[in-house]
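Report on the structure
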Amino acid sequence: MRRFPYTMASVAARQISRWLVVTIIVWAVGVSRLQTSLATSAERENLVAGALIKGSLPSVYFYGAGGKRYVFPNEKTYRTWYSDFTNVRTIGDTTLATIVIGGNVTYRPGVKLVKVTTDPKVYAVASGGVLRHVATEAIAAALYGSNWTQAVEDIPDAFFVNYTVGVPLSTAEDYQRLAELAAATTIDANMQRSTTVTVQTPIPPPISPAAPDPTMQPDAPGLRQSSVGRFIRVDIV
């Protein structure tokens, strides 16, 4: 009689062993994911509004009251709100990825004058990311001193869309620098301030009715002839 190398019992044992190995692997992966999910949830629950956070990369974010993170476009913007990085908290990249980006942080009002790299106009920053054009050097000096040019910083063109252009400053009294600074206690407070932007539109002078041209005489019904004898329009009369 020919003998089979494996008995039915040994085949069944091998299948059970394979099934157990697969089950253990799946269970281990599931437990690992569960632990990661629980750790992520716990880490997010420990975050408080106003926290400065980062992952493994150097980018720093502001954690807002709405549970979103806000990007600092550059260090200059960051420095208008904070003097150093001692309060930045590092969290896991997985946790950071679960926090939706809400937008970009703008300059703190009252700290700096700003301009766009491709435009020489200088602006004062008001609440809510509103830029107010400083019309004259005298106004700039009244607000920021005789060395006001040292307070001017460039905003890259790509980040200019984070701001809204408001009413220009015609006098220094139009912009209360200390009041703007005091009102912007936090980034959340600055974003939540409701600012009405008024756009100044020039009012055109009234148009007086034109005097009739004595050289224009009707030639025939429906036609009008110019002084040079050429028909310039056809009207239905």
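Going by the structure above, here's the rest.
Description of the structure in this document. From a predicted model like this one, the values you see are computed outputs, not experimental measurements.

Cut-offs and rules
- Residues numbered from 1 in each chain as written.
- Predicted model: local features only at pLDDT ≥ 70, side-chain atom pairs only at ≥ 80, totals over all residues.
- Heavy atoms only, no water.
- Helix = DSSP H or I, 4+ residues; strand = E, 2+ residues; numbered from the N terminus.
- Buried < 20%, exposed > 50% of the residue type's maximum accessible area, 1.4 Å probe, protein only.
- Contact = heavy atoms within 4.5 Å.
- Core = buried A, V, L, I, M, F, W, Y, C linked by side-chain atoms within 4.5 Å.
- Pairing = 2+ DSSP bridges.
- Phe/Tyr/Trp six-rings, centres within 6.5 Å; stacked < 30°, edge-to-face > 60°.
- Salt bridge = Lys/Arg side-chain N within 4 Å of Asp/Glu carboxyl O.
- Patch = residues over 30% accessible without salt bridge, like charges linked within 9 Å, V, L, I, M, F, W, Y side chains within 5 Å.
- Areas by Shrake-Rupley, 256 points an atom, 1.4 Å probe, with all protein chains shown as cover.
- Arc of directions from axis to C-beta.
- Lys, Arg positive; Asp, Glu negative; His and termini not counted.

**A word on the overall build of the chain**
- A count of helices and strands for the chain gives six helices and 13 strands.
- Split into buried and exposed, the 237 residues of the chain put 28% on the buried side.
- For the chain, contacts bridging at least 24 residues in sequence account for 63% of all contacts bridging at least 6.

**A short note on the nonpolar core**
- If you look at the biggest cluster of nonpolar residues, it comprises 15 residues, and the most contacted ones within it are Leu-113, Val-134, Leu-143, Tyr-144, Leu-169 and Tyr-175.
- For this core, the secondary structure elements donating two or more residues are β7 (119-126) and α4 (137-144).
- Top element by residues in this core is α4. It accounts for four residues.
- Apart from the residues within four sequence positions on either side, Leu-143 is in contact with Leu-169, Ala-172, Tyr-175 and Arg-177.
- Counting eleven residues, the second largest nonpolar core, distinct from the first, contains Phe-62, Tyr-78, Ala-184 and Ile-187.

**Structural notes on the sheet that holds strand β10 (residues 164-165)**
- Strands sit in the order β9-β6-β7-β8-β10 across an open sheet of five strands; the sheet is mixed. Each end of this open sheet is capped by a strand with a single partner; those strands are β9 (152-155) and β10.
- With four bridges connecting them, strand β6 (residues 113-116) and β9 associate as parallel partners. What sits directly across from Leu-113, in β9, is Val-152.

**What about the packing of aromatic side chains?**
- Applying the stated criterion across every chain yields a total of five aromatic pairs.
- With a centroid separation of 5.2 Å and 35° between ring planes, the pair formed by Tyr-78 and Tyr-82 is classed as tilted.
- The exposure class assigned to Tyr-78 is buried, which follows from its relative accessible area of 2%.
- Cluster of aromatic residues (ring-pair linked, three or more members): Phe-72, Tyr-78, Tyr-82 and Phe-85.

**Quick word on the pattern of salt bridges**
- Overall, the coordinates contain three salt bridges when judged by the stated rule.
- Ionic pairing is found between Lys-112 and Glu-153, a salt bridge with its closest N-O pair at 3.7 Å. You can see Lys-112 sitting in the loop between β5 (101-104) and β6 and its partner Glu-153 sitting in strand β9, a full 41 residues away along the chain.
- By relative accessible area, Lys-112 is classed as partly exposed at 23%.

**What to know about the environment of Ala-138**
- Structurally, Ala-138 is set in helix α4.
- Sequence separation of Ala-138 and Ala-172 is 34 residues, and the distance between their C-alpha atoms is 8.4 Å.

**Thoughts on a nonpolar patch on the surface**
- A grouping of Ile-16, Trp-19 and Leu-20 is seen on the molecular surface, where their side chains present a nonpolar patch of about 340 Å² in accessible area.
- Note that Trp-19 resides in helix α1 (residues 8-45).

**A word on α4**
- By the burial criterion, the buried members of α4 are Ile-139, Ala-140, Leu-143 and Tyr-144. On an axial view of α4, the arc spanned by its buried residues comes to 105°, and they lie on one face. Seen from the buried face of α4, the exposed residues on the opposite side, beyond 90 degrees, are Glu-137, Ala-138 and Ala-142.
- Structurally, α4 contributes buried residues whose contacts are with β6 and α5 (177-183).

**Some remarks on the pairing of strand β8 (residues 130-133)**
- Judged from the four bridges that link them, β7 and β8 form a sheet pairing that is antiparallel. Considered in β8, the bridge of Ala-126 is made with Val-130.
- Counted between consecutive antiparallel strands, the loop separating β7 from β8 contains three residues, among which Gly-128 sits at a positive phi close to 75°.
- In terms of strand pairing, β8 meets β10 through two bridges, oriented parallel. Bridge pairing in β10 links Leu-131 to Val-165.

**A short note on the side chain of Arg-108**
- With respect to the element layout, Arg-108 can be found in the loop between β5 and β6.
- Although Arg-108 is buried, it makes no salt bridge; Glu-180 carries the closest opposite charge, 9.6 Å away.
- When neighbours within four sequence positions are excluded, Arg-108 is seen to be in contact with Thr-80, Trp-81, Leu-181, Ala-184 and Thr-185.

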